[in-house]
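# Notes for the structure review
Next come the chains, spelled out residue by residue.
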Amino acid sequence: MKIQIPKGLFDILPYGDSEKWRLVKYWQYVESIIQELTKDYGFHEIRTPVFERTELFDRGVGEQTDIVSKEMYIFQDKANRSLSLRPEGTSSIMRAFVEKKLYALQKIHKLYYVAPMFRYERPQAGRYRQHHQFGVEAIGIALPEQDAEIIDMLWHFFSRIGLKDLTLHLNTIGDSSCKLNYITTLKNYLAPYLSDLSKESQIRFEKNPLRILDSKDEQDIKILQEAPTIHDCLSNEAKDHFEQVCTLLTEIHIPFTINPKIVRGLDYYSRTVFEVSCLSLGAQSALGGGGRYDGFTSVFGGPSLPGVGFGSGIERIIQTMIAQNISFPNISNPFIFFIPLEEKSKTFCFSLLACLRHANISSEMDFHVKKIQHSLQRANLLKATYCFIIGENEFNSKQGKLKDMQTGKEEMISLESIEQKLMHLWEKK
Ligand code: HAM
């Protein structure tokens, strides 16, 4: 019996998948950019478990949110504890941060993670039941500079990859008092239209009214056109903070659009919220999003600290790279491919292969002696930069043929000097 992968999941393969975005070279490239970026912005990696106690997400993300009420993978363990696969990273990071008392070690914390997340959603292009997020969380600074640093980092993550046609939507949802005021104002405005709203929005009216602003239903959008915005209910502090974030982003030339409809689907946000989307992605266009979550640490029994972060979906980033034809250096192609054409030269090639690898030069060799065309085909498949070919005559005269695979140029090199020659070419590349 064939056993298939569960719905909404996918494998990431080195080759053999017709869907390019599932090929590992793209994932490795994006991960290499993440390594560079986090180093440049001074972030440290944190790794937390794939599952947590269910109540962590009930309290963290919010019981009324779609993520918790509809999309969590929940199971009982053998001791009847309720556990959940993590649907997002921020709650887990805050749990670890408080549990391990990282706050007692220093004032400012800049953390990042690259990790799978699980949401029981209806699978479609760009939406999976396991997806991977690159996320960052900056804890300890309440100033607008911290919001701007995080937004700048997300924007430059995408520009380092080379993505184009992106839009940054920016908003504030104020502090908790502004948010409560706004919920009342919005509900007062919507109440007369309640029966005209979509079924989903009618449910949200009671449970999570801010999410009505996210509705894609045409009638809801029409009704919302005249709705008051959060900006009508902001405190002076929240307004000031938002204006400073906008000024800082303008100062560092990050283009943004203020969009009062961006509220985000998780309960922990306050003040700044943002999303970056790419129109060419279709319905699931959000490449990343985040916001400020001041005081979130206190939900898990820690001191009340300010925080701000983002999460970005790697699947959607790679799909955009492919749609936009973005090329990148192939990190794993061999620099040199050895082709011994008879048994005697195999040992010579094998020992040189090991020697170059020990010097961190990526090298490959055909262990089977075969026809030269077949070996060259493999070298081409692996996108080798050079081939070194030793036939019987060459071996007897103590030389081999070095072939530049891009230009096709060939040169005879003595076996004595080939190692030095390759080292020299490697340094020059
Ligand atoms: P989120 O907006 O729920 O935020 O997810 C972040 C990103 O993950 C989305 O913008 C999208 O690119 C990707 N994503 C989400 N769900 C799926 C899915 N089912 N399939 C594919 N990609 C998906 C958060 O999770 C917050 N924890 C972000 C954050 C960190 N806020 C502050 N710090």
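Since the structure is predicted, the reported quantities are computational estimates derived from the model, not experimental observations.

## Description of the overall build of the chain
When helices and strands are counted, the chain shows 15 helices and 16 strands. Principal-axis analysis of the C-alpha atoms gives the chain an extent of 95 × 55 × 45 Å. Every one of the 429 residues in the chain was classed for burial, and the buried ones make up 49%. Taking the intrachain contacts of the chain between residues at least 6 apart in sequence as the baseline, contacts between residues at least 24 apart amount to 68%. Of the accessible surface of the chain, which amounts to about 22,100 Å², a share of 51% is contributed by carbon and sulfur atoms. Here the chain contributes 52 positively and 53 negatively charged side chains, and the mean placements of these two sets differ by 5 Å.

## Describing helix α11 (residues 314-323)
Most of α11 is tucked away: eight of the ten residues are buried. Within α11 the residues assigned to the buried category are Ile-314, Glu-315, Arg-316, Ile-317, Ile-318, Gln-319, Thr-320 and Met-321. Just past α11, the residue Asn-325 takes up positive phi, approximately 55°.

## Some words on the packing of helix α12 (residues 343-358) against helix α15 (residues 418-428)
Packed helix pairs are characterised by how far apart their axes lie and by the angle those axes make with each other. Closest axis-to-axis distance for the α12/α15 pair is 11 Å, and the angle between their directions is 35°. Handedness of the crossing formed by α12 with α15: right-handed. Of the residues in α15, those in contact with Phe-348, Leu-352, Cys-355 and Leu-356 of α12 are Ile-418, Glu-419, Leu-422 and Met-423. In terms of residue class, the contact of α12 with α15 is built from seven nonpolar, no polar and one charged.

## Structural notes on the state of the cysteines
Scanning all chains against the criterion turns up zero disulfides. Cysteine Cys-387 remains unbridged, with the sulfur of Cys-349 as its closest cysteine sulfur at 11 Å.

## Considerations on the packing of aromatic side chains
All chains considered together, the criterion is met by 23 aromatic pairs. With a centroid separation of 4.6 Å and 35° between ring planes, the pair formed by Tyr-268 and Phe-296 is classed as tilted. One end of the pair, Tyr-268, is in the loop between β8 (257-258) and β9 (272-278); the other, Phe-296, is in helix α10 (residues 296-299), with 28 residues separating them in the sequence. An angle of 90° between the planes, with centres 6.4 Å apart, marks the rings of Phe-338 and Phe-388 as edge-to-face. Here the residue Phe-338 occupies a position in strand β12 (residues 336-340), and Phe-388 occupies one in strand β14 (residues 386-390), the gap between them amounting to 50 residues. Accessibility expressed as a relative area gives 0% for Phe-388, which makes it buried. Connected via pairs of aromatic rings, a cluster forms that spans Tyr-112, Phe-134, Phe-157, Phe-158 and Phe-310. Over the ring of Phe-205 we find Lys-187, and its NZ or CZ is 5.0 Å from the ring centre. Above the face of the Trp-426 ring, Lys-429 is positioned so that its terminal group lies 4.4 Å from the ring centre.

## Brief notes about the sheet that holds strand β6 (residues 130-139)
The strand order across the open sheet formed by eight strands is β1-β5-β6-β11-β10-β9-β7-β8, and the pairing between neighbours is mixed. A strand with exactly one partner marks an edge of an open sheet, and here the two such strands are β1 (44-45) and β8. As defined by bridge partners, β9 adjoins strand β10 (residues 286-292) across five bridges and the pair is classed as antiparallel. The residue bridging Ser-277 from the neighbouring strand is Ala-286, located in β10. Most of the contacts of helix α5 (residues 144-161) go to strand β11 (residues 307-313), to which it runs at about 15°, and overall it touches β5 (109-118), β6, β7 (166-172), β9, β10 and β11.

## What about the layout of surface pockets?
Counted as a void, the second largest pocket has a volume near 520 Å³. As for the second largest pocket, its lining consists of 17 residues, of which Pro-14, Tyr-15, Asn-330, Ser-332 and Leu-382 are closest to the centre. Only α1 (24-40), β13 (363-365) and α13 (372-381) provide two or more residues apiece to the lining of the second largest pocket. Sorting elements by how many residues they give to the lining of the second largest pocket places α1 first, with three residues.

## Observations regarding the packing of α1 against α5
Between α1 and α5, the shortest axis-to-axis distance is 10 Å and the interhelical angle comes to 135°. Of the possible angle classes, the one that applies to α1 and α5 is oblique. Seen along the crossing, α1 lies across α5 with a hand that is right-handed. Facing α1, whose interface residues are Tyr-29, Val-30, Ile-33, Ile-34, Glu-36, Leu-37, Thr-38 and Asp-40, α5 presents Met-153, His-156, Phe-157, Arg-160 and Ile-161. By residue class, the composition of the contact of α1 with α5 is eight nonpolar, two polar and three charged.

## Remarks on the site of the ligand
Taken together, 27 residues form the shell around the ligand, and within it Glu-88, Glu-121, Glu-137, Tyr-269 and Ala-286 come nearest. Separating a nitrogen atom of the ligand from a side-chain N or O atom of Thr-90 is a distance of 3.0 Å. Taking Gln-133, its side chain carries an N or O atom lying 3.2 Å from an oxygen atom of the ligand. Protein contact buries 96% of the 660 Å² of open area that the ligand shows by itself. Of all the secondary-structure elements, those providing two or more residues to the shell around the ligand are β6, β10 and β11. Element by element, the count of residues in the shell around the ligand is highest for β10, at five residues. Its residues assigned to classes, the shell around the ligand comprises ten nonpolar, ten polar and seven charged.

Conventions adopted
Sequence order as written defines residue numbering, which begins from 1 separately in each chain. In keeping with the predicted nature of the model, local features appear solely for residues at pLDDT of at least 70, side-chain atom pairs appear and are counted solely at 80 or more, and the whole-chain, interface and lining totals rest on all residues. The basis for every side-chain value is the complete set of heavy atoms in the structure, and neither hydrogens nor water enter the calculation. Runs of H or I in DSSP of at least four residues are treated as helices and runs of E of at least two as strands, each being numbered from the N terminus. Exposure classes here rest on a 1.4 Å probe applied to the protein chains alone. A residue is buried below 20% of its type maximum, exposed above 50%, and partly exposed in between. Whether two residues touch is decided by their heavy atoms; if any such pair falls within 4.5 Å, the residues are in contact. Throughout, the Shrake-Rupley method with a 1.4 Å probe supplies accessible areas, and for residues the shown protein chains are the sole cover considered. We count Lys and Arg on the positive side and Asp and Glu on the negative side, and we leave His and both chain ends out. In this description, the location of a charge corresponds to atom NZ of lysine, CZ of arginine, CG of aspartate or CD of glutamate. Angles here are taken between N-to-C directions and fall from 0 to 180 degrees, while the axes themselves are lines fitted to C-alpha atoms, restricted in helices to the stretch in contact. Working rule for handedness: look at the near helix, and if it is turned counterclockwise from the far one by less than a right angle, call the crossing left-handed; if clockwise, right-handed. Residues are grouped as follows: nonpolar covers Ala, Val, Leu, Ile, Met, Phe, Trp, Tyr, Cys and Pro; charged covers Asp, Glu, Lys and Arg; every other residue, Gly included, is treated as polar. Cysteine sulfur atoms that come within 2.5 Å of each other are treated as a disulfide pair. Geometry of aromatic contacts follows a simple scheme: Phe, Tyr and Trp rings, the Trp one being its six-membered ring, pair when their centres are within 6.5 Å, and the pair is stacked under 30 degrees between planes, edge-to-face over 60, tilted otherwise. Criterion for a charge above a ring: Arg CZ or Lys NZ at most 6 Å from the ring centre, at most 35 degrees from the ring normal. In short, DSSP must find at least two bridges between two strands for them to pair. Note on definitions: the grid is 1 Å and covers protein atoms alone; a cavity is a set of points where a 1.4 Å probe fits but cannot get out; a pocket is an open set with protein on both sides within 12 Å along at least five of seven lines; lining residues have an atom within 4 Å of a point. Grid points are joined across faces, edges and corners, and a volume is the space filled by probe spheres set on the points. Note that the term roughly parallel is reserved for angles under 35 degrees, roughly antiparallel for angles over 145, roughly perpendicular for angles of 65 to 115, and oblique for everything else. For each residue, the test is whether any non-hydrogen atom lies within 4 Å of the molecule or strand; if one does, the residue is near. Here a polar contact is taken to be a pair of N or O atoms separated by no more than 3.5 Å, where protein atoms must pair a possible hydrogen donor with a possible acceptor and residues adjacent in sequence count only if both atoms sit in side chains.

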